[in-house]
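Letter by letter, the chains look like this.
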Amino acid sequence: SLRQLEPLLGRDDALWAAELKGSSVPPSDGVPPLHVAAELPQWLVAMLAAEMPEGEILALGRALAQPAPLDLRVNALLTTREKVLRQLLIEGINAQPTPHAPLGIRIDGNPALSRNPLFTSGRIEVQDEGSQLLCYLLAPKRREMVVDFCAGAGGKTLALGVLMQSQGRLYAFDVSEARLNKFKPRLKRSGLSNVHPQLLASENDIKVKRLAGKIDRVLVDAPCSGFGTLRRNPDLKWRQSEAGIAELAAKQRAILTAAAALLKPGGRLVYATCSFLRAENQDIVAAFLAAHPQFGLVPANQVLAQQHIALDTGEFLQLYPHRHGCDGFFAAVMARAK
């Protein structure tokens, strides 16, 4: 009822709501258009229609409208998944292993964990299963030189450091001092000693250029639309636009090119986003490979199989909440020729 809604609205919003209600005409067959049924912007549905059938768009939209589960990653330097699961059970928290990530745990509900000894001691971190899987695609080894190029608050950096058994050298690059400051207490809890946070002015910072051709593995979790995280950030779908996607694509291409220059011959590059749009994913990778013939695509399903992870989404990793239960993620694995 507009009459019930009006007291909660400002003047402009009340006028907009009255105009909307007066002008809306339901479809003659009573079936809402796909973008309405999926609760997604019309332009976004039009983009997705080139990639998937209507039924899947609807399933995706409905999954994105549901609350996200709480996923944890166990710090294997300090404990085991089995021990954490037993402790959570003792505390009355219902939890089970994640379907694919070897160190993941999925919690029922949303219990407060910030003061839990498992968290304060660094034995667990909050991290979506999809985000954890990206680290297994990079598959860093002990004593290697590794870069997390867009580290943010450091969730994937910490996971990479554990996979490296706190050996070698792991750089956490980001252009945001605030995000890196949030990372510092997480790093302290983790017990890792091989991580080196570095604030960059841009992707072309001198700190990046000094490491050109010296790095074994680089993860580029590029800035993106974030559509894969709509369960956690539902307002994102109304703040993005087609023009915004084009601007992001230009930034993604520049970051990927700069990050690739770090790799030594034989090195591995993983490009990832928390998006399911081709314009931010496959199109970026295709343009990069066309411009850099020294790089070749490595099938993601083969890399995961080598890590004993039974998940096959083809040559790219493409995760969807309605199929895989985690946030939406894309990743491509590339190798520089030796």
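Every value quoted in this text rests on a predicted model; they were computed, and no experiment measured them.

Things to note about the environment of Pro 185
Note on placement: Pro 185 falls in helix H10 (residues 177-190). The spatial distance from the C-alpha of Pro 185 to the C-alpha of Leu 40 is 37 Å, given a sequence separation of 145 residues.

Digging into helix H14 (residues 282-291)
Among all positions in H14, only Gln 282, Ile 284, Val 285 and Phe 288 are buried. The arc that holds the buried residues of H14, viewed along the axis, is 160°, so those residues lie on one side. More than 90 degrees from the buried face of H14, the exposed residues found are Ala 290 and Ala 291. Contacts made by the buried residues of H14 are with helix H13 (242-260), strand E9 (263-273), strand E10 (295-298), strand E11 (317-319) and strand E12 (329-336).

Some details on the nonpolar core
Among soluble globular proteins, nonpolar side chains are generally buried collectively. Leu 72, Leu 88, Ile 105, Leu 137 and Leu 317 are the most contacted members of the largest nonpolar core, which totals 50 residues. Broken down by element, the residue count for this core peaks at six residues, all from helix H8 (residues 129-138). Those residues in contact with Leu 88 that sit more than four places away from it in its chain are Leu 72, Ile 93, Ala 95, Ile 105, Ile 107 and Leu 118. Listed in part, the 30 residues of the second largest apolar core include Phe 173, Ile 215, Val 218 and Leu 263.

Section: unusual backbone geometry
Negative phi values dominate among residues other than glycine, just as trans dominates among peptide bonds. Notably, Ala 139 is not glycine yet its phi reads approximately 50°, a positive angle. Summarising the element assignment, Ala 139 is placed in the loop between H8 and strand E5 (145-148). Look at Arg 143: it is not a glycine, yet its phi comes out positive at around 70°. In this structure, Arg 143 sits in the loop between H8 and E5.

Details of the pairing of strand E7 (residues 195-199)
With five bridges joining them, strand E6 (residues 169-174) and E7 adopt parallel strand pairing. Within E7, the residue paired with Phe 173 across the bridge is Gln 198. Following the chain from E6 across H10 to the adjacent parallel E7, one finds a crossover that is right-handed.

Regarding empty space enclosed by the protein
If you walk through the whole model with that rule in mind, you get two cavities of 30 Å³ or more. The computed volume of the largest cavity comes to approximately 50 Å³. Lining the largest cavity, in full, are Arg 73, Leu 103, Gln 132, Cys 135, Tyr 136, Ala 159, Val 162 and Leu 163. Contributions of two or more residues to the lining of the largest cavity are made by H8 and helix H9 (155-163). Counted by class, the lining of the largest cavity contains six nonpolar, one polar and one charged residues. Computed from the structure, the second largest cavity encloses a volume of approximately 30 Å³. As for the second largest cavity, its lining consists of Arg 73, Asn 75, Gly 122, Glu 125, Leu 158, Val 162, Ser 190 and Leu 192. When grouped by side-chain class, the residues that make up the lining of the second largest cavity number three nonpolar, three polar and two charged.

The rules behind the values
Residue indices begin from 1 for each chain and proceed along its sequence in written order. Only residues with pLDDT of at least 70 get local features here, since the model is predicted, and only at 80 or more are side-chain atom pairs given and counted; chain-wide, interface and lining totals rely on the full set of residues. The side-chain numbers reported here are obtained from all heavy atoms of the structure, hydrogens and water having been left aside. Strands are runs of DSSP state E lasting at least two residues, helices are runs of H or I lasting at least four, and both sets are numbered from the N terminus onward. Exposed residues in this analysis have more than 50% of their type's maximum accessible area, buried residues have under 20%, and partly exposed residues fall in between, with area computed by a 1.4 Å probe over protein chains only. As used here, the arc is the angular range of directions from the helix axis to the C-beta atoms. Any two residues whose heavy atoms approach within 4.5 Å are treated as being in contact. For this analysis, a nonpolar core means a set of buried residues of the types Ala, Val, Leu, Ile, Met, Phe, Trp, Tyr and Cys, connected via side-chain atoms within 4.5 Å. In this scheme, strands are said to pair when DSSP sees at least two bridges between them. Handedness of a crossover: with both strands directed away from the viewer, a clockwise path from the first strand across the helix to the second marks it as right-handed. Grid points spaced at 1 Å over the protein atoms alone were grouped into cavities, where a 1.4 Å probe fits but cannot get out, and pockets, open sets with protein on both sides within 12 Å along at least five of seven lines, with lining residues defined by an atom within 4 Å of a point. Grid points are joined across faces, edges and corners, and a volume is the space filled by probe spheres set on the points. Throughout, the ten residues Ala, Val, Leu, Ile, Met, Phe, Trp, Tyr, Cys and Pro are labelled nonpolar, Asp, Glu, Lys and Arg are labelled charged, and all others, Gly among them, are labelled polar.

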